[in-house]
Amino acid sequence: MNKTIGILTAMSVEHQQVSAMLDGVATEKGLAYDYTLGTLGGNRIVLQQCGIGKVNAASGVTDMILRHHPDCIVSTGVAGGIDSSLHVMDVVVGRATCYHDVFCGDDCDPGQVQGLPRLFLGDEALVDKALGISSPVRIVGGLICTGDRFVTGRKELEGIKADYSDGLAVDMESAAIAQVCHIYGVPFVSFRIISDTPGAEGHFQQYLDFWDTMADKSFAVTKAFLQALS
């Protein structure tokens, strides 16, 4: 077995998509989190559904690191696209992640937790692997912005872009997982499929339509990325 790869998803629908990719699936019960164990591309996979939001994400990845000692961690699932260059089913690979809802005073940059970097950089080798896979789905590298709210409107989007003009996507977990990985020294990357574009007309219906009609095809690119980590 080459490596132990930890994978975190927030929602059950995301967890089911990734679990279906694995061979030799088994379940491990934990005190706070259950794990789905299997193999993919010659690697041992440790999959956890951490739950939605920053606290769930940070708690879940800490449990995973201390329990399973993964060689690297991948956060995967869906995100909202907040740049006009992106469309539903595109994939954003987090060259960096940040918080869009943190303010620690005038001595810190917007989004910066005091004493920590403003941006948490994705592991270079993992980012290069993700951007190098062959896929009919468009894959781009850039900044993923994290906060504890589902971004729906144009006003919210413009506020995020004012602080992070190069932001490509928004989610509710990536930067929190990145912060814990930064503290523990574990290589990390966020690999996020665009399910919706906040601020667009019919935005929430767009999100629902993704799960109804596009999810299976979209998550095939996640499988290709994980197989490429062999």
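Here goes a summary of the coordinates provided. Since the structure is predicted, the reported quantities are computational estimates derived from the model, not experimental observations.

Looking only at helices and strands, the chain features six helices and ten strands. Scaling as 2.2 N^0.38, a compact globule of 230 residues should have a C-alpha radius of gyration of about 17 Å, and the chain matches this with 16 Å. Principal-axis analysis of the C-alpha atoms places the extent of the chain at approximately 45 × 40 × 30 Å. For the chain, with 230 residues in total, the buried portion stands at 55%. Across the chain, contacts joining residues at least 24 apart in sequence account for 77% of those joining residues at least 6 apart. With an accessible surface of roughly 9,900 Å², the chain has 50% of that area assigned to carbon and sulfur atoms.

What follows is about the pairing of strand β8 (residues 139–146). Taken across its eight residues, β8 has seven buried, putting it largely inside the fold. In this sheet, β8 lies alongside strand β6 (residues 91–99) in parallel orientation, the contact comprising eight bridges. Across the sheet, Val92 pairs through a bridge with Val140, a residue of β8. Here β8 pairs with strand β9 (residues 167–171) via four bridges, running parallel. Looking at β9, one finds that Ile144 is bridged to Ala169.

So, on to the pattern of salt bridges. One pass over the full model with this rule turns up eight salt bridges. Close ionic contact of Lys161 with Asp83 constitutes a salt bridge, the shortest N to O distance being 3.1 Å. Separated by 78 residues along the polypeptide, Lys161 in helix α4 (residues 154–163) and Asp83 in the loop between β5 (72–81) and β6 bring together distant segments of the chain. For Lys161, a relative accessible area of 16% puts it in the buried group.

This brings us to helix α2 (residues 54–68). Between its first and last C-alpha atoms α2 spans 21 Å; for 15 residues at 1.5 Å apiece the expected length is 21 Å, and the two agree. Lys54, Ala57, Gly60, Val61, Met64, Ile65 and His68 are the residues of α2 that are buried. An end-on view of α2 places all buried positions within 135° of arc, on one side of the element. Exposed residues on α2 whose side chains face more than 90 degrees from its buried face are Val55 and Leu66. At the C-terminal side of α2, His69 shows a positive phi close to 50°.

Moving on, we come to the state of the cysteines. A covalent bond between the sulfur atoms of two cysteines is referred to as a disulfide. One pass over the structure, following the stated rule, counts zero disulfides. Here Cys98 is not cross-linked by a disulfide; its sulfur's nearest cysteine counterpart is in Cys145, at 3.6 Å. Residue classification places Cys98 among the buried positions, given a relative accessible area of 0%.

The subject of this paragraph is the packing of aromatic side chains. This model, assessed by the stated rule, comprises two aromatic pairs. Between Phe191 and Phe225, the aromatic rings sit 4.6 Å apart at their centres with planes inclined by 10°, giving stacked as the arrangement. In this pair, Phe191 is assigned in strand β10 (residues 188–196) and Phe225 in helix α6 (residues 203–228), connecting sequence segments 34 residues apart. Judged by its relative accessible area of 0%, Phe225 falls in the buried class.

Here the focus is the environment of Ile139. Residue placement: Ile139 occurs in strand β8. Placed 83 residues apart in sequence, Ile139 and Asn56 show a C-alpha to C-alpha distance of 27 Å. When near neighbours in sequence (up to four residues on either side) are disregarded, Ile139 contacts Val91, Val93, Ala130, Leu131, Ile133 and Val221.

Attention now goes to α4. For α4, the set of buried residues is Leu157, Ile160 and Lys161. All buried residues of α4 lie within an arc of 100° about the axis, which places them on one face of the element. What points out from α4, more than 90 degrees from its buried face, is the exposed set Lys155 and Ala162. For α4, the elements touching its buried residues are β8 and β9.

Rules and cut-offs
- Residues numbered from 1 in each chain as written.
- Predicted model: local features only at pLDDT ≥ 70, side-chain atom pairs only at ≥ 80, totals over all residues.
- Heavy atoms only, no water.
- Helix = DSSP H or I, 4+ residues; strand = E, 2+ residues; numbered from the N terminus.
- Rg over C-alpha atoms; globule rule 2.2 N^0.38 Å.
- Buried < 20%, exposed > 50% of the residue type's maximum accessible area, 1.4 Å probe, protein only.
- Contact = heavy atoms within 4.5 Å.
- Areas by Shrake-Rupley, 256 points an atom, 1.4 Å probe, with all protein chains shown as cover.
- Pairing = 2+ DSSP bridges.
- Salt bridge = Lys/Arg side-chain N within 4 Å of Asp/Glu carboxyl O.
- Expected span 1.5 Å × (residues − 1).
- Arc of directions from axis to C-beta.
- Disulfide = S-S within 2.5 Å.
- Phe/Tyr/Trp six-rings, centres within 6.5 Å; stacked < 30°, edge-to-face > 60°.

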